[in-house]
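Chain residues, written in single-letter form:
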Amino acid sequence: MPAIDSQPDGAPVWFDLSSSDPAAAAKFYGDLFGWGQYELPVEFGGYSYFTYEGKMVAGLGPKPPGEEIPDIWCTYFQTSDIEKSVTQVAAAGGSVLAGPMDIPLQGFMAFATDRAGAVFGLWQPREHRGFGIFMEPSAPCYFELQTTDYPAALEFYRDVLGNPVITVADTDDFRYSQLAQQDLEAGERHAGIMDASKDLPPEVPSHWSVYIGVESADATAAKATELGGTVVQAPEDTPHGRIATLGDPWGATIKLYQLKV
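Attention in this report is confined to the structure presented alongside it. Residue numbers run consecutively from 1 along every chain, following the written order of its sequence. Only residues with pLDDT of at least 70 get local features here, since the model is predicted, and only at 80 or more are side-chain atom pairs given and counted; chain-wide, interface and lining totals rely on the full set of residues. The side-chain quantities take in all heavy atoms of the structure and omit both hydrogens and water.

1. With respect to helix H1 (residues 22-33)
Secondary structure is summarised from DSSP: a helix means a run of H or I of at least four residues, a strand means a run of E of at least two, and numbering begins at the N terminus for each. An expected span of 1.5 Å times one less than the residue number is assigned to each helix. Here H1 is 12 residues long and its end C-alpha atoms lie 16 Å apart, about the 16 Å a rise of 1.5 Å per residue gives. The set of residues buried in H1 consists of Ala-25, Ala-26, Phe-28, Tyr-29, Gly-30, Leu-32 and Phe-33. Looking one or two places after H1, you find Gly-34, whose phi comes out positive at around 75°. Accessibility here uses a 1.4 Å probe with only protein chains present; expressed as a share of the type maximum, an area under 20% marks a residue as buried, one over 50% as exposed, and anything in between as partly exposed.

2. Let's talk about helix H2 (residues 82-91)
For H2, the full list of buried residues reads Ile-82, Ser-85, Val-86 and Val-89. Down the axis of H2, the buried side of the element spans an arc of 95°, and every buried residue falls inside it. Among the exposed residues of H2, those oriented more than 90 degrees off its buried face are Glu-83, Thr-87 and Ala-91. Within two residues after H2, Gly-93 carries a phi angle of roughly 100°, on the positive side. By definition, the arc is the one covered by directions from the helix axis to the C-beta atoms.

3. As for the packing of H2 against helix H3 (residues 150-161)
Helix axes are fitted only over the stretch in contact, all axes being lines through C-alpha atoms; the angle between N-to-C directions runs from 0 to 180 degrees. Closest axis-to-axis distance for the H2/H3 pair is 9 Å, and the angle between their directions is 155°. Taken together, H2 and H3 sit at an angle that is classed as roughly antiparallel. Handedness of the crossing formed by H2 with H3: right-handed. The segment H2 lies against H3, with Ser-85, Gln-88 and Val-89 engaging Phe-156, Asp-159 and Val-160. Here the contact of H2 with H3 is composed, by residue class, of three nonpolar, two polar and one charged. Roughly parallel means an angle under 35 degrees; roughly antiparallel, over 145; roughly perpendicular, 65 to 115; everything else is oblique. Helix crossings are classified by the rotation of the near helix relative to the far one: an anticlockwise turn of less than a right angle makes the crossing left-handed, while a clockwise turn makes it right-handed. Contacts between residues were defined by any pair of non-hydrogen atoms, one from each residue, lying within 4.5 Å. Ten residues, namely Ala, Val, Leu, Ile, Met, Phe, Trp, Tyr, Cys and Pro, are considered nonpolar, four, namely Asp, Glu, Lys and Arg, are considered charged, and the remaining ones, Gly among them, are considered polar.

4. As for the packing of H1 against helix H4 (residues 217-226)
The N-to-C vectors of H1 and H4 enclose an angle of 150°; their axes lie 10 Å apart at closest approach. On the basis of the axis angle, H1 is roughly antiparallel to H4. Crossing hand, H1 versus H4: right-handed. Residue-level inspection shows Phe-28, Asp-31, Leu-32 and Phe-33 of H1 in contact with H4, the latter providing Thr-220, Lys-223 and Ala-224. Here the residues of the contact of H1 with H4 are counted per class, giving four nonpolar, one polar and two charged.

All we've got here are geometric facts, nothing functional implied.
Right, dumping it as structure tokens:
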């Protein structure tokens, strides 16, 4: 897939890790996925970019001082009017946690939760237009919400992101929808919403996850354990491909998607 230089509104455009040990996390993910690191000037508070073959992939920053939050990956959705988007978050029953904030030259950022408490970000780009590769090895391939309130999530993201929500499955055993971007080619759906009300343990909140493309889910999972990580969900075949879930040494989770070769 060619390099990406723009995304439509409502699409997942970026993801980053809030880390308790950014230097060690950079080494872990660098060894795991072959990611490089581009450090921003000091005024950006220790924030840096993960890169792959010269293209931006994701972000890495220290956790806010004094806040007792876990290490976590956050997914950001693009908007061309962040003030309007945060207003829509509140109107749709979510909460605005922070922002909008002006990130000099880069864009405008806000953090919010949906009606079930899943955290996500909003991003209005200027120079920073998000990840530069997609659906390739060591690049994001898909974003997915596991929610304890599926009907509310469908309404919330439809209203906040302004794009259709397409039903994929609707049975007592499996309910799943996808967020469609109206100005992408037919079939381009980069994010999904899964009814996880029967699957998530009580201590695990609704949350967004990102899938990283790999040539072998089994080999990458094995490498993660060698590097000090954990295999949260062992590689398994699904109708959509072979997937797995990993935990880094500090508890942040990320998913694998085995690309077809």
